[in-house]
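Report on the structure
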Amino acid sequence: MEPVTFILFGATGDLAKRKIYPALYNLFLDHKLPRSFSLVGLGRRELNDESFRSNVEQSLHEFSRRKVQDAGLQAFLQAFRYSVLNIGHPEDYTKLRTLVEEREQALQLPANRLFYLSVGPEFFEPIAANIHQSGLGSAAGWKRLVIEKPFGHDLQSARELNEYLSHFFTEDEIYRIDHYLGKPMVQGLEALWQSNPAVQGLLKKQYIANVQITAGETVGVEERAGYYDHVGALRDMFQNHLLQLLMMTATQLASKSTPDQIRLKKKLVMEALEPLRKQDVGMNVIRGQYTAGSLQGQQVPGYRDEPGVALHSANETYVAVRMQINDFFWRGVPFYIRTGKRMKEKATRIVIQFKEPLAQPADDLDAKAEPNLLIIELGPKERISIQLNMMDLAHKGEIKPVQVELQPSQSGLPEAYENLIHDALNGDPTYFAHWDEVELSWKWVQPILEAFQENLIPLHSYAAGSYGPDEAHFLLAEDGFNWWLDEQPDEDLSSSQREYAESVSR
Ligand code: BG6
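For the structure given in this document, a descriptive report is provided here. In this text the structure is predicted, and so the values were computed from the model without any measurement. (Residues numbered from 1 in each chain as written. Predicted model: local features only at pLDDT ≥ 70, side-chain atom pairs only at ≥ 80, totals over all residues. Heavy atoms only, no water.)

1. Some words on the sheet that holds strand β2 (residues 37-43)
The cut-off we apply is this: Each pair of strands is called paired provided DSSP finds at least two bridges between the two strands. Only DSSP runs of H or I with at least four residues qualify as helices, and only runs of E with at least two residues qualify as strands; both kinds are numbered from the N terminus onward. Here, axes are lines fitted to C-alpha atoms. For helices the fit covers the stretch in contact, and angles between N-to-C directions go from 0 to 180 degrees.
Judged by pairing direction, the sheet is parallel, and its six strands sit side by side in the order β3-β2-β1-β4-β5-β6 without closing on themselves. Each of the sheet's edge strands pairs with one partner strand only, and the pair in question is β3 (80-84) and β6 (174-176). For this sheet the average axis-to-axis angle between neighbouring strands, irrespective of direction, equals 20 degrees.

If you want it as structure tokens, here you go:
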């Protein structure tokens with residue numbers, strides 16, 4: 001790995017403390033940082049190097065997945081310097097440039113510079129422009145811009161942002177973070193398809209009934225209402241993380257591919273996604289907002305009662321979408337995707353449901369087989385399971401589903417940010433969101449955004465601690481399916497199911 005200066009905007013922020021410093025420290029423990037490494041942290045607060053380092057150390061004690069070890073800690077922290085920076089002040093960038101150059105000289109580093117923007121989106125443009133104008137971005141070595149989400153808040157703003165950044169950085173120099181792409185199981189999908197001909201053989205539309213992708217969270221809006229109440233689940237999770245998971249699932253790479261080949265395949269998936277017209281959103285999208293409920297034995301407030309949320313907010317905290325990929329591999333297989341806050345369980349998973357046997361014995365319920373499932377759990381517990389049917393050998397005759405579980409070692413799996421920072425330092429763009437994907441994702445989501453904004457579809461409520469609005473279950477029931485691994489809905493849903501069916505047909 002080439003020596004580098006890591007220039008971190010937002011060095012006193014939450015993300016830096018919770019994710020970036022712990023990730024860097026764990027990479028250091030694994031000898032995955034460049035041998036010569038310098039980090040310059042930037043923030044508005046006045047701090048000297050010593051107190052900056054002690055804040056970094058504190059964050060390691062709090063958030064590192066591995067215990068902080070005395071050995072090596074000082075060497076790690078010695079790479080850290082701090083400089084006060086007011087984002088709109090050009091003179092602060094000149095000062096920064098001097099500091100970076102001094103450190104490069106002292107450590108004999110080539111002028112490779114990684115600019116990491118861990119700041120609000122309103123600062124992306126002025127920072128990029130100032131990096132350019134100060135000369136920080138025109139040194140002899142390479143430069144990279146690592147940028148956190150959100151990348152725009154709709155199609156037009158994303159295009160404008162991209163156009164602006166492209167004056168100062170080429171597409172190859174921009175690393176758009178989507179931390180779902182850093183999750184170890186997501187990075188392992190390619191190998192799962194490639195190294196298992198049996199799995200590859202089964203992943204054909206003639207065998208698959210549907211694909212379900214779920215990202216359920218138990219947390220509510222937390223202290224982020226100022227951001228979340230303007231954004232909602234569609235922008236916060238669906239447009240980026242979940243569409244990336246869809247691409248990673250649908251892009252089955254038969255052999256080891258280059259980053260460019262992977263990007264091309266992902267782009268093809270997005271281009272093949274059947275577009276949703278605004279007037280069809282109601283038939284394929286369910287939006288919901290949580291009300292008060294009980295979660296893990298505790299009463300929790302409804303969304304509108306959370307601090308900072310507008311009294312009559314119509315912001316969605318849940319979204320479920322039915323979609324079709326209209327290409328040779330997937331035509332006819334529905335994809336169902338959902339995400340929500342304050343759901344019964346924290347789970348991020350992909351479930352592939354296989355078609356049922358040709359005939360089921362209608363008169364013998366005991367012998368009726370459940371569908372086969374391939375379940376890929378991306379977190380919080382990483383594992384893969386396969387659901388098969390077996391005859392109960394002790395009580396002869398009864399057929400029961402059994403799940404065969406394959407669990408990678410639970411200890412020692414890297415955090416998403418470790419994988420991503422390591423890749424960015426190495427110049428490997430595979431698991432970053434390319435502009436084509438981002439643009440196509442916004443394009444696909446745009447009619448839904450507009451339908452929400454114009455209130456064309458109902459905002460359903462669901463109790464905190466549930467599996468989301470009943471209507472999301474009906475969405476699948478219409479097609480003869482159900483969400484896998486949820487407890488099945490209560491019997492008395494049938495009347496509301498009828499109402500739902502009527503509202504959709506209206
Ligand atoms: C973030 C969203 O990108 O992802 C949060 O802004 C969400 O609202 C988080 O809680 C979920 O990430 P994970 O890795 O816990 O599923």
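2. Here's the deal with unusual backbone geometry
Of note, the bond from Lys149 into Pro150 is cis; its omega dihedral lies within 30 degrees of zero at 0 degrees. In this fold, Pro150 is placed in the loop between β5 (143-147) and α6 (155-165). Of note, the amide linkage connecting Gly379 to Pro380 takes the cis form, showing an omega dihedral of 0 degrees. Among the structural elements, Pro380 can be located in the loop between β14 (373-379) and β15 (383-391). Backbone geometry at Gln108 places phi at a positive 55 degrees, although glycine is not the residue there. Here Gln108 is to be found in the loop between α4 (90-107) and β4 (113-117).

3. Some points on the sheet that holds strand β17 (residues 459-463)
Pairing within the open sheet is mixed, and its nine strands lie in the order β16-β15-β14-β13-β7-β12-β11-β8-β17. Edge positions in the open sheet fall to β16 (399-406) and β17, since each of these has one partner strand only. Across the sheet, the axes of successive neighbouring strands diverge by a mean angle of 20 degrees, strand direction being ignored. In this sheet, β16 lies alongside β15 in antiparallel orientation, the contact comprising eight bridges. Bridged to Met390 within β16 is Lys400.

4. Focus on the environment of Pro447
Just so we agree on the cut-off: Here the term buried applies to any residue with accessible area under 20% of the maximum for its type, exposed to any over 50%, and partly exposed to those in between, with areas from a 1.4 Å probe on protein chains only. Should any heavy atoms of two residues lie within 4.5 Å, those residues are counted as being in contact.
Within the secondary structure layout, Pro447 lies in helix α15 (residues 435-453). Under the relative-accessibility criterion, Pro447 is labelled buried at 16%. When the C-alpha positions of Pro447 and Asp280 are compared, they lie 9.2 Å apart, and in sequence the two are 167 residues distant. In this structure Pro447 touches Leu276, Arg277, Lys278 and Val281, once residues within four positions along its chain are discounted.

5. Examining the packing of helix α11 (residues 232-250) against α15
Quick reminder of the rule: For classification purposes, an angle smaller than 35 degrees is called roughly parallel, one larger than 145 roughly antiparallel, one from 65 to 115 roughly perpendicular, and anything else oblique. Crossing handedness: left-handed means the near helix sits turned counterclockwise from the far one by under a right angle, and right-handed means the same turn made clockwise. Lys, Arg, Asp and Glu make up the charged group, whereas Ala, Val, Leu, Ile, Met, Phe, Trp, Tyr, Cys and Pro make up the nonpolar group; the residues left over, Gly among them, are polar.
At their nearest, the axes of α11 and α15 sit 10 Å apart, and the two run at 135 degrees to each other. One element, α11, and the other, α15, form an angle in the oblique class. Classified by chirality, the crossing of α15 by α11 is right-handed. Of the residues in α15, those in contact with Leu234, Arg235, Phe238, Gln239, Leu243, Gln244 and Met247 of α11 are Glu437, Val438, Ser441, Trp442, Trp444, Val445, Ile448, Leu449 and Phe452. Partitioning the contact of α11 with α15 into residue classes produces eleven nonpolar, three polar and two charged.

6. Quick notes on the site of the ligand
For the record, the criterion: Only a single heavy atom is needed: when it lies within 4 Å of a molecule or strand, its residue is near that molecule or strand. A 3.5 Å cut-off defines polar contacts: any pair of N or O atoms within that distance qualifies, except that in protein one atom must be a possible hydrogen donor and the other a possible acceptor, and neighbouring residues in sequence count only when both atoms are side-chain atoms. Areas reported here follow the Shrake-Rupley algorithm with a probe of radius 1.4 Å; residue values treat only the protein chains shown as occluding.
Taken together, Lys149, His179, Tyr180, Lys183, Glu217, Arg224, Asp236, Met237, His241, Lys341 and Lys346 are the residues near the ligand. With respect to the ligand, the side chain of Tyr180 contributes an N or O atom lying 2.5 Å from an oxygen atom. Between the ligand and the protein, one listed contact pairs an oxygen atom with a side-chain N or O atom of Lys346 at 2.8 Å. Within the complex, 80% of the 400 Å² of free accessible area of the ligand lies under protein. Within the shell around the ligand, the residues separate by chemical class into two nonpolar, two polar and seven charged.

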